[in-house]
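An overview of the molecular structure
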Amino acid sequence: MNEPMTPSMIAFSPALRILPEILMTLTGVLVMLVEAVLKPRTSRKPLGIVAILGTLAAIAASVYQLFLPAGTAFFGTVQSDAFSVFFHLVIGCIVLVTLLISLDYFEGHTSFVGEYYALILFGATGMMLMTCSVELLMVFISLEISSISTYILAGYRKRSATSPEASIKYFLLGSFATAFFLYGIALCFGATGSTNLYEIAKGVADGASPLLLTVAFGMMLIGLGFKVSLAPFHVWTPDVYEGAPAPVVGLMSTAPKAAAFAVLLRIAYGAFGTAIHIWMPLVWIMAVLSMTIGNLGALTQRNVKRMLAYSSIAHAGYLLVAFTALAPMGIAAASFYTAAYAAMNVGAFGIISYLSGYNEARTSLSDFAGIARRHPVAAAAFAVFLISLIGIPFTAGFFGKFYVFTAAINSGNAWLAVLGLLNSGVAAFYYLRLLAQMYMVPVEPPREADTAHARPAFILAMAILVLAVFALGIFPGRILDLARAGAATFSGPANAASQTVPVALLRR
Amino acid sequence: MTVPIVWYLVLSAALFSIGVCGFLIKRNIITIFMSIELMLNAVNLAFVTFANHWHQVSGQIFVFFVMVVAAAEAAVGLAIIISLFRSRNTLNVDQIDLMKL
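To start, this report covers the structure provided alongside it. (Residues numbered from 1 in each chain as written. Chains lettered and ligands numbered in written order. Predicted model: local features only at pLDDT ≥ 70, side-chain atom pairs only at ≥ 80, totals over all residues. Heavy atoms only, no water.)

1. A word on empty space enclosed by the protein
If a probe the size of a water molecule is rolled over the atoms, the empty space left behind becomes visible. Residues and elements named next belong to chain A. A full pass over the atoms with the stated rule returns 4 cavities of 30 Å³ or more. Around the largest cavity, the lining is made up of 14 residues, and of these Thr254, Lys257, Leu319, Thr338 and Tyr341 lie nearest the centre. Elements that contribute at least two residues to the lining of the largest cavity include exactly α4 (82–102), α12 (255–271), α14 (304–323) and α15 (327–356). Top element by residues in the lining of the largest cavity is α14. It accounts for 4 residues. Classifying every residue of the lining of the largest cavity by side-chain character gives 8 nonpolar, 5 polar and 1 charged. Within this model, the second largest cavity holds a volume of roughly 60 Å³. Lining the second largest cavity, in full, are Met130, Leu143, Ser146, Ser147, Thr150, Tyr170, Lys227, Pro256 and Ala260. Secondary-structure elements contributing two or more residues to the lining of the second largest cavity are α6 (136–154) and α12. (1 Å grid on protein atoms, 1.4 Å probe; cavity = no way out; pocket = protein on both sides within 12 Å on 5 of 7 lines; lining within 4 Å. Points joined across faces, edges and corners; volume = space filled by probe spheres on them. Helix = DSSP H or I, 4+ residues; strand = E, 2+ residues; numbered from the N terminus. Nonpolar A, V, L, I, M, F, W, Y, C, P; charged D, E, K, R; others polar.)

Laid out in structure tokens, this is it:
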């Protein structure tokens, strides 16, 4: 797509539009190369630190992109704007915290941990690229870059019996979903003659074959629904989350979902923005199903990782409620919710990885009895994340839900908000059951020696997350402004290309 | 005589449906994986057909990317299958049930 050339746009190279991705890729390659020459027995921690520095550089590069005028590059395939920067920052922060949690997790258990860091970096490259691509070809390639890395990461505890099983289930169902997504793209191409989102938007506005477009959107929704574990397509989630290593679950329950939701927002509001009647009923049904099935499923779970897996299905449902709201507010609410959800969920899985250790011997509900006495600080942090997942005021979860449901009510979907609130009530039960287990049940003498002890990197990661949960709940203003600026880029393809992001946003 | 475009699309939809059915009813992981490849190739056929219909080369370029990605996916998928077979000695999905739904 050709954007109108203004003097400020000629000056910089198109590579700046994908600067964070370039930095991530280079760091990943560097980590891979150094891994190859290190002796098998030496610690891989320095590689992890290199990965962390690379991620920090990518985050800084994303912030720098805010100062560029929004626009497309590389033949209209990628677009950097406030929306992409918002999701870049969310994904970058998730990766940063995951790397901090992982730094000591694999120590002494597996060799070749360098590949683990490289895979996380490559996966993050794909996820970041997803959020800034406005061409379905680009979306597809970046979706695969992110998926293939996470398939491998899910099976990283090779010696255990459950990890390869989690990996194969994730791989088969993920590829199945990709095929649906691709078929949707093909039908979209058939209906409009293009795979560029703006061209598709034109085709949709001109009334190109509504039947074909409906099927195309449905197929793409199925594909992305699998990736973000929305209700009829959620069956893989509990198994994969149970079998995969806990730090990886923290990553893959948030970052790829944030990216897939960003793609869904771009497709739904960007490309199909003039055909809301096509997708509104589908989204409505999936939102209700996800919330209900997720929360009812979580009630019966005895394994904490599976319980959080069902809770993540329910949270994907809450997020989808925001989609039924009208354009700018719904997009801002959905964007904010991904950030809030990421902070609390990565934290919850981080604490599980710390308490249950590499072999994940203790993940059932009864294993958490009396944890508050033995690990008071970790239990307090876990309590913060759980309270936020419930949605109690002054936490990120509360404000996220508040904003989503307000957006739904303002757009005339009060019933959906009511269903969401009822669901939140059900959800409170199983989170509180875990909290009660931690704080109320008397301490039993530990069955085996408790080897968990916190390392500085892990403490830093948890401190960041707890602060993020409270910051998003008490002072959401700045993040919300960025989310709103991102939503404003959807006001039209013409505006999106020429609009400059309010720089004052950062200086406030 | 030229074959109408609809025939290609029907063939593509049929291949895709066969792939979906194979994925759902087959019990061997390799066969399930082959069903997924069949679905991807059905999509490729649809892309080429639409590219011909719109006289746009971008649809055919898309097919190349799908092939490349499918190859990458196969490499990773087969590696995962090997690591699974090493730990379980079976490729039957009914026996890979340590974690119940």
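2. Overview of the environment of Lys305(A)
Residues and elements named next belong to chain A. Along the polypeptide, Lys305 turns up in helix α14. A relative accessible area of 0% means that Lys305 is categorised as buried. As a C-alpha pair, Lys305 and Ala348 span 43 residues in sequence and 9.5 Å in three-dimensional space. When neighbours within four sequence positions are excluded, Lys305 is seen to be in contact with Tyr241, Glu242, Ala244, Pro245, Ala246, Val249, Phe349, Ile352, Glu360 and Thr363. Side-chain polar atoms of Lys305 contact the backbone oxygen of Glu242, separated by 3.1 Å. (Buried < 20%, exposed > 50% of the residue type's maximum accessible area, 1.4 Å probe, protein only. Contact = heavy atoms within 4.5 Å. Polar contact = N/O pair within 3.5 Å; in protein donor to acceptor, adjacent residues only side chain to side chain.)

3. Here we look at the nonpolar core
Of all hydrophobic cores here, the largest spans 218 residues; its most connected members are Ile267(A), Phe272(A), Phe323(A) and Phe16(B). Sorting elements by how many residues they give to this core places α15(A) first, with 19 residues. Discounting residues that sit within four places of it in the chain, Phe272(A) has contacts with Cys188(A), Ile200(A), Val204(A), Leu213(A), Phe217(A), Met220(A), Ile267(A) and Trp279(A). (Core = buried A, V, L, I, M, F, W, Y, C linked by side-chain atoms within 4.5 Å.)

4. Here's the deal with the packing of helix α18 (residues 396–410) of chain A against helix α19 (residues 414–439) of chain A
Residue and element names in this part refer to chain A. Where α18 meets α19, the axes come as close as 7 Å, and the angle between the chain directions of the two elements is 155°. Considered as vectors, α18 and α19 are oriented roughly antiparallel to each other. Where α18 crosses over α19, the handedness of that crossing is left-handed. Listed contacts from α19 to Lys401, Phe405, Ala408 and Ile409 of α18 are Ala414, Ala417, Gly420, Leu421 and Ser424. (Axes fitted to C-alpha atoms, helices over the stretch in contact; angles between N-to-C directions. Parallel < 35°, antiparallel > 145°, perpendicular 65-115°, else oblique. Left-handed = near helix turned anticlockwise from the far one by under 90°.)

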